[in-house]
Amino acid sequence: MTDMPPKLAEIVDEFASAPREVVLEMLLEFADSMPPLPADLATHDGMEQVPECQTQFFLKAVVRPDDTVESFFDCPPEAPTTRAFAGILAEGLEGATTAEILGVPDDLYTRMGLAQAISPLRIRGGSAILARLKRQVAAQVATR
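About the cut-offs
- Per chain, residue numbering runs from 1 following the sequence as it is written.
- For this predicted model, a pLDDT threshold of at least 70 governs which residues receive local features, and a threshold of 80 or more governs which side-chain atom pairs are given and counted, while totals over whole chains, interfaces and linings are taken from all residues.
- No hydrogens and no water enter the side-chain calculation; it runs on all heavy atoms of the structure.
- By definition, a salt bridge exists where a carboxyl oxygen of Asp or Glu is found within 4 Å of a side-chain nitrogen of Lys or Arg.
- Helix and strand definitions here come from DSSP, where helices need a minimum of 4 consecutive H or I residues and strands a minimum of 2 consecutive E residues; each element is numbered from the N-terminal end.
- A 1.4 Å probe rolled over the protein chains alone gives each residue an accessible area, and that area as a share of the maximum for its type sets the label: buried under 20%, exposed over 50%, partly exposed in between.

Draft legend 1. Molecular detail of the pattern of salt bridges. Overall, the coordinates contain seven salt bridges when judged by the stated rule. Here E48 makes a salt bridge to R132, at a shortest N to O gap of 2.5 Å. Highlighted residues: E48 in strand β1 (residues 48–49) and R132 in helix α6 (residues 120–142), separated in sequence by 84 residues. With relative accessibility at 16%, the residue R132 sits in the buried group. In this structure, R132 engages E52 in a salt bridge whose closest nitrogen and oxygen atoms are separated by 3.1 Å. Here the residue R132 occupies a position in helix α6, and E52 occupies one in the loop between β1 and β2 (58–63), the gap between them amounting to 80 residues. Where salt bridges share partners, they join E48, E52, R132 and R135 into one cluster.

Structural data, given as structure tokens:
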């Protein structure tokens, strides 16, 4: 897990070592801590929808001139698990470089031990969010 941004690696370790009954509480904390969208993205203009998610989910990655990535996520409060994935990525990838984000393992949610706590459908949605985020970052790196 050395390629992962340090904040994300810390979150992954916390989840992986937490007792199953605490995992859902931890997910809810991340769902509650998800930052709101800036006003210019409120209409989801320029954001990508993630159809693999059961709920409406939008994301946008912006590669800054210093090679760090700013991520924006939007998901309704009625979808706390999916919102928690977004909160985990928002916090764990904050200030991360393009290389760090592209190096995040695709099986992130399995490494967190979430397969035992939440449905495979939700894991697939979370993995799709990560895959689309990485694809957006890769596309922006390629056009530099």
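Read on for the rest.
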